[in-house]
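Structural overview
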Amino acid sequence: MSTQHEQQAEATLTRLETVQSATEVEAIRVEALGKAGWISALMKTLGGMSPDERQVQAPRIQALRARVADAIEAKKAALEAAELEARLASETLDLTLPAPTTPKGSVHPVSQVMDELAEIFADLGFAVATGPEIEDDWYNFTALNMPESHPARAMHDTFYFPDTAPKGGRMLLRTHTSPVQIRSMVEQGAPIRIIAPGRVYRSDSDATHTPMFHQIEGLVIDRDIHLGHLKWTLETFLKAFFETDDIVLRLRPSYFPFTEPSVEVDVGFRWDNGKRVLGGSGDAEGHGWMELLGSGMVNRRVIEYAGLDPDEWQGFAFGVGVDRLAMLKYGMDDLRAFFDGDGRWLAHYGFSGLDQPTLSAGIGAGA
Ligand code: PHE
């Protein structure tokens with residue numbers, strides 16, 4: 001190393017003092033310390049030196065390299081700090097401005113309806129249970145009496161992951177909230193009284209179907225539970241939710257692998273200016289029946305899968321679309337708009353954060 005190198009180092013440090021931008025600092029770094037940089041070339045000369053010479057030169061070259069490298073780092077840090085300083089100075093927030101007259105932000109109808117449902121069922125002694133959205137094939141299908149090759153599986157348009165599930169099959173996005181039935185029974189045993197609201201996923205999309213939607217599951221397991229308990233519970237819940245005693249239900253025999261017998265529940269409505277309004281028997285003139293939810297007595301095999309004795313424990317279960325309940329109660333007609341995040345839609349259909357549903361004040365928001 002010569003004094004010429006010392007001078008070159010000094011020149012580099014002087015230049016560094018004057019540069020103003022990170023790109024210029026980077027150019028200097030590449031010039032000196034990059035693969036083809038002059039300090040890197042200087043380091044390489046060490047290999048061709050005699051051991052004596054190297055003993056003298058190595059510390060000098062290392063020291064020169066360190067001085068330049070440290071100066072570059074310091075300059076970078078200083079430029080970054082200055083940049084942050086400038087941003088903080090320009091991005092001010094004037095806390096003395098008055099609050100907006102109309103508050104921004106609202107509670108999504110789905111959240112509001114879920115709160116309403118939790119309130120109604122809490123009053124009937126139901127706890128809220130949850131389960132994972134990324135679910136094991138066993139909980140979503142097998143334990144619900146849908147073994148592999150069961151034709152009902154095909155109806156679910158399932159999103160699968162490539163990963164193998166711990167309990168066999170593949171991991172998937174749950175297609176319904178029913179796996180929470182199994183998880184709750186396995187974890188808590190019996191008796192049990194829960195609702196399980198949450199997101200579910202099916203590969204399906206049109207005005208009334210979106211790939212993600214919301215369901216609420218209900219499960220009661222106890223001794224001597226029968227269909228009458230199911231019917232009373234659904235009637236009580238729907239009257240409280242729609243805030244009217246004029247709710248007429250029609251129970252139709254149906255089929256779900258996890259309930260036996262299975263019951264499809266329709267609710268009567270009448271046409272009013274091209275809109276459906278709940279109330280009255282669907283058989284009356286100008287009326288109709290609308291399919292509302294699936295339910296039934298929990299299949300013995302499901303109780304067994306969950307590790308309970310079906311001779312001792314019986315129960316009922318139901319599953320409802322939360323988005324659909326919200327549409328019926330609050331009058332939206334396109335499900336897709338629920339998930340567009342359009343500020344105008346949210347401003348129109350959203351709820352105030354202060355509108356907490358309570359039974360005493362009336363379940364409906366803004367009541
Ligand atoms: N899981 C069913 C569905 O998504 C609904 C259901 C739940 C039916 C519980 C019966 C009992 O369609």
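Keep in mind that this is a model prediction, so the values were computed, not measured.

**Quick look at the site of the ligand**
- Lining the immediate surroundings of the ligand are 14 residues, of which His-176, Ser-178, Arg-202, Gln-215 and Glu-217 lie closest.
- A distance of 2.9 Å separates a nitrogen atom of the ligand from a polar side-chain atom of Ser-178.
- With the chains in place, 90% of the 320 Å² that the ligand exposes on its own is no longer accessible.
- Contributions of two or more residues to the shell around the ligand are made by strand E6 (212-222), strand E10 (287-298) and strand E11 (314-321).
- The element that contributes the greatest number of residues to the shell around the ligand is E11, accounting for three residues.
- Residues that form the shell around the ligand fall into these classes: four nonpolar, eight polar and two charged.

**Considering the environment of His-226**
- Mapped onto the elements of the fold, His-226 is located in the loop between E6 and helix H9 (227-242).
- For the pair formed by His-226 and Leu-359, sequence separation is 133 residues and the distance between their alpha carbons is 27 Å.
- One polar contact links the side chain of His-226 to the main-chain amide nitrogen of Gly-228, over a distance of 3.0 Å.

**So, the domain arrangement of the chain**
- The domains assigned to the chain are domain 1 (3-90) and domain 2 (109-349).
- Taking only C-alpha atoms into account, the centre of domain 1 sits 67 Å from that of domain 2.

**Regarding the packing of helix H1 (residues 3-18) against helix H2 (residues 22-33)**
- Between H1 and H2, the least distance of the axes is 10 Å, while the angle of their chain directions is 170°. Comparing their axes, H2 and H1 come out roughly antiparallel. Here the hand of the crossing between H1 and H2 comes out left-handed. For the pair H1 and H2, the contacting residues are Thr-12, Arg-15 and Leu-16 in the first and Val-25, Ile-28 and Glu-31 in the second.

Reading the values: the criteria
Residues numbered from 1 in each chain as written. Predicted model: local features only at pLDDT ≥ 70, side-chain atom pairs only at ≥ 80, totals over all residues. Heavy atoms only, no water. Near = heavy atom within 4 Å. Polar contact = N/O pair within 3.5 Å; in protein donor to acceptor, adjacent residues only side chain to side chain. Areas by Shrake-Rupley, 256 points an atom, 1.4 Å probe, with all protein chains shown as cover. Helix = DSSP H or I, 4+ residues; strand = E, 2+ residues; numbered from the N terminus. Nonpolar A, V, L, I, M, F, W, Y, C, P; charged D, E, K, R; others polar. Domains from an automatic or database assignment. Axes fitted to C-alpha atoms, helices over the stretch in contact; angles between N-to-C directions. Parallel < 35°, antiparallel > 145°, perpendicular 65-115°, else oblique. Left-handed = near helix turned anticlockwise from the far one by under 90°. Contact = heavy atoms within 4.5 Å.

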